[in-house]
Amino acid sequence: MISCREASRLASESLDRRLRPAEQVELRLHLLMCRLCRAAFEQLKILREVGRRFFSRGPFEEDLPDVHLEEEEKERIKAVLRANASSCS
Ligand SMILES: [Zn+2]
């Protein structure tokens, strides 16, 4: 089985590009076996989704249908996104 480090790299890349079939199998297998990576991957997908909404729609939407974040978490994420957005403009 691939390592957690390798799995997190593949998980992150899977959001940006189509993984090769062998990579997909390795990642799926690892996620099946490893609860920590599964949880980390879920969080990663949520963060990507939040980021995508933030940049594509302008104002941050308060009612994200499948994402439930505490107010404090939302503020933290917004702060990070704003910092990133201002550094690349
Ligand atoms: Zn793992």
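Residue indices begin from 1 for each chain and proceed along its sequence in written order. Side-chain atom pairs in this predicted model are given and counted only at pLDDT of 80 or more, local residue features only at pLDDT of at least 70, and totals for whole chains, interfaces and linings cover all residues.

Visitor: Can you help me understand the overall build of the protein in this one?
Guide: Numbering goes from the N terminus for both helices and strands, where a helix is a DSSP run of H or I of at least four residues and a strand is a run of E of at least two. Scanning the protein for helices and strands turns up 4 helices and 0 strands. For the protein, the N- to C-terminal ordering of α and β elements is α-α-α-α. Out of the 89 residues in the protein, the part that is buried amounts to 9%. Expressed as a percentage of contacts within the protein between residues at least 6 apart in sequence, the contacts between residues at least 24 apart total 49%. Counts of 20 or more other C-beta atoms within 10 Å of a residue's own C-beta define buried residues, counts of 12 or fewer define exposed ones, and intermediate counts define partly exposed ones; C-beta atoms are placed from the backbone. Note on contacts: residues are paired as contacts if their backbone-placed C-beta atoms lie within 7 Å.

Visitor: Can you help me understand the packing of helix α1 (residues 4-14) against helix α2 (residues 21-33) in this one?
Guide: Packed helices, taken two at a time, are described by the angle between their axes plus the distance between the axes. All axes are obtained by fitting lines to C-alpha atoms, using only the stretch in contact for helices, and the reported angles, taken between N-to-C directions, cover 0 to 180 degrees. Running from N to C, α1 and α2 cross one another at 120°; their axes reach a closest spacing of 10 Å. Our pair here, α1 against α2, has a crossing hand that is left-handed. Here α1 contributes Ala-7, Leu-10, Ala-11 and Ser-14 to the contact with α2, which in turn contributes Glu-23, Glu-26, Leu-27 and His-30. For a crossing to be left-handed, the near helix must be turned anticlockwise from the far one by less than a right angle; the clockwise case is right-handed.

Visitor: Help me out: how do you make sense of the environment of Glu-26 in this one?
Guide: Structurally, Glu-26 is set in helix α2. With 17 C-beta atoms counted inside 10 Å, the residue Glu-26 sits in the partly exposed group.

Visitor: Explain the confidence of the model for the protein here, please?
Guide: Scored between 0 and 100, pLDDT is the confidence that the predictor attaches to each residue. Of the residues in the protein, 82% reach a pLDDT of 70 or more, and the chain-wide mean stands at 84. No element of the protein has a lower mean pLDDT than helix α4 (residues 71-88), at 79, and none a higher one than α2, at 96.

Visitor: Whenever I open this one, α1 confuses me. Can you help?
Guide: In an α-helix, one full turn covers 3.6 residues, which means residues spaced three or four apart are oriented alike. Every buried residue belonging to α1 is among Ala-7, Leu-10 and Ala-11, and all of these are buried. Along the long axis of α1, the arc covered by the buried residues comes to 100°, so they all point the same way. The arc in question is traced by the directions running from the helix axis to the C-beta atoms.

Visitor: What am I meant to see in the nonpolar core here?
Guide: Soluble, globular proteins show a tendency: their nonpolar side chains are buried together. Counting 6 residues, the largest nonpolar core consists of Ala-7, Leu-10, Ala-11, Leu-27, Cys-37 and Phe-41. Tallying contributions element by element places α1 first for this core, with 3 residues. To count as a nonpolar core, a set of buried Ala, Val, Leu, Ile, Met, Phe, Trp, Tyr and Cys residues must be joined through C-beta atoms within 7 Å.

Visitor: I would appreciate a short explanation of the environment of Leu-47 in the present structure.
Guide: You can see Leu-47 is positioned in helix α3 (residues 35-57). With 30 residues separating them in the primary sequence, Leu-47 and Ile-77 have C-alpha atoms 8.1 Å apart.

Visitor: It is not clear to me how the environment of Phe-41 should be interpreted in this structure. Could you clarify?
Guide: Looking at where Phe-41 falls in the secondary structure, it is placed in helix α3. What makes Phe-41 buried here is the crowd of 21 C-beta atoms within 10 Å. Note: C-alpha distance between Phe-41 and Ala-7 (34 residues apart in sequence) is 9.3 Å. Setting aside chain neighbours within four positions, we find Phe-41 in contact with Ala-11 and Leu-31.

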